[in-house]
Amino acid sequence: MTSKLLWMSFVLVAITSSITFSLQPDRQKVLLVSFDGFRWDYLYRVPTPHFHYIMKYGVHVKQVNNIFITKTYPNHYTLITGLFAESHGIVANEMFDPILNKSFSLDHMNVYDSEFWDEAMPIWITNQKAGHTTGAAMWPGADVQIHKSFPSYYMPYNESISFEDRVAKIIEWFTLKEPINLGLLYWEDPDDMGHHLGPDSPLMEPVISDIDSKLGYLIDMLKKAKLWNVVNLIITSDHGMTQCSEDRIIELDLYLDKDLYTLIDQSPVAAILPREGKFEEVYEALVHAHPNLTVYKKEEIPERWHYKYNSRIQPIIAVADEGWYILRNKSDDFLLGNHGYDNAFAEMHPIFLAHGPAFRKNFTKEVMNSTDLYPLLCHLLNITAPPHNGSLRNVQDLLSSATLRAVSYTQSTTVFRDTSKSREYEQGQPYAYFLGISLGSIIVIVFFVISIKHLIRSQIPAFSDMQSEIAQPLLQA
Ligand SMILES: [Zn+2]
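Cut-offs applied
Residues numbered from 1 in each chain as written. Predicted model: local features only at pLDDT ≥ 70, side-chain atom pairs only at ≥ 80, totals over all residues. Heavy atoms only, no water. Donors = N, O, S within 2.8 Å, 3.2 Å for Na, K, Ca; no water. Buried < 20%, exposed > 50% of the residue type's maximum accessible area, 1.4 Å probe, protein only. Pairing = 2+ DSSP bridges. Helix = DSSP H or I, 4+ residues; strand = E, 2+ residues; numbered from the N terminus. Axes fitted to C-alpha atoms, helices over the stretch in contact; angles between N-to-C directions. Salt bridge = Lys/Arg side-chain N within 4 Å of Asp/Glu carboxyl O. Parallel < 35°, antiparallel > 145°, perpendicular 65-115°, else oblique. Left-handed = near helix turned anticlockwise from the far one by under 90°. Contact = heavy atoms within 4.5 Å. Nonpolar A, V, L, I, M, F, W, Y, C, P; charged D, E, K, R; others polar.

Identification of the protein chain as Ectonucleotide pyrophosphatase/phosphodiesterase family member 5 isoform X1 from Erinaceus europaeus is taken from an unreviewed UniProt entry.

Turning next to the coordination of the zinc ion. Summarising the metal site, the zinc ion is bound by the protein donors Asp36 (OD), Asp36 (OD), Thr72 (OG1), Asp238 (OD) and His239 (NE2), whose distances to it range over 1.9 to 2.7 Å. The class for threonine 72 is buried, based on a relative accessible area of 7%.

Moving on: the sheet that holds strand E13 (residues 293–297). Ordered in space as E11-E12-E14-E13, the four strands form an open sheet in which the pairing is antiparallel. Edge positions in the sheet fall to strand E11 (261–265) and E13, since each of these pairs with one other strand and no more. On average, each strand axis in the sheet is inclined to that of its neighbour by 25°, with strand direction left out of account. Bridge count for E11 against strand E12 (residues 269–274) is four bridges, and the pairing is antiparallel. Residue pairing for E12: leucine 263 is matched across the bridge by isoleucine 272.

Burial of E11 is extensive: four of the five residues sit out of reach of the surface. The turn linking E11 back onto E12 is made up of three residues.

On to the pattern of salt bridges, then. In this structure the tally under the stated criterion is 17 salt bridges. We note a salt bridge from lysine 297 to glutamate 280, for which the minimum N-O separation is 3.7 Å. One end of the pair, lysine 297, is in strand E13; the other, glutamate 280, is in helix H10 (residues 279–287), with 17 residues separating them in the sequence. Overall, the relative accessible area of 42% leaves glutamate 280 in the partly exposed class.

Packing of helix H7 (residues 163–174) against helix H9 (residues 204–224) brings their axes to within 11 Å, and their N-to-C directions diverge by 30°. Relative to H9, H7 is oriented roughly parallel. Between H7 and H9 the crossing geometry is right-handed. Contact residues: H7 offers Phe163, Glu164, Val167 and Ile171, while H9 offers Lys214, Tyr217, Leu218, Met221 and Leu222. Along the lines of polarity and charge, the residues of the contact of H7 with H9 split into seven nonpolar, no polar and two charged.

Spelled out as structure tokens, the structure:
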């Protein structure tokens, strides 16, 4: 009876400890992968068996609402900060900051000025402050010094480095003696080819197949390194792509004297900085210029875009209808595919799939916001999220029941820069998790102590018998 009780208490301790251990979010590892410009419906355009393998054994979100403008740098910074562009400060691929009196240009790789990035805190900084390590393979911004810091491990951006070499680095970092808990992996396609071919081109089909093969390679490498069931793999992208045409070009020079303004960003959201004293003249010239161009004074920009309260957003923006292209004139570069349009358009939407111990299996969700990824990442990495525009609540149903049990929330408010309104934000806080762990531990300890006391009491007569039994041979000797 007593040995049964002792055995049961040991089993209980073992089970409780293993549940506690498996629930610890800080034991989760995450690999976030972005295939630039992978539109949500490319999954169905050609056979994509590796993407569908992840959907079958993991989770898939059908509609991901990304942020305006639907460009690469703004959306990649959102994925790792949970903030809208007006709050994280990377409002476009081409920017001018009138306070810093500095320009930022992706075309000229003039993106290494920390001051453009310092308005937000990328997840690797928060992760590293919590004592973890991060590895970033070409993730946009990961080789820029932000808040005087870099990821623990990173590859300086070089587009000629192959996908295989980037994967090798990620595997190396996840298998170090002190492994990273967060990996970030970026690949330039299908964006590059989407721009050049146009997404409607049949030549996009082998491009999408090639991305699927690359994902297959990544899965194989994770399996070979015995990481496949250990790492939570999240596959996403920044935006989609829409077909453009030389029949749908809006030439600004036809409506506006080029000496009246500076064109900071071009298409499909023209960021216009009028010369001093020329604001009304520029606005009046453009506002009714073209039926497929909508012109906003900065203060009139629709709230739903969250694209107003930042000095890098220019006094006038002119937004092209989907598939329309803004040029100064036809001597400017034109691409057959483009993105950057209203984030309400389905063709601007990216993908979201995930697989791993934290995620449910064969689960499809209808919709999420790209800002929701950030609190999800923070929850998995067990780090406290700074204020952000996402919601863990929106995406908690992606998590397996064990991981979900560790989710708790506190509500708070914060005031964002340049914003008179206070906004709610939500953070995954580990309070309930620690409370649960503490209570569980107390119950186990109390149960264990009672069991030991019971055991000692029940063993007292046996002890005296045993002592005399032991004493007997000694005496005889
Ligand atoms: Zn992109």
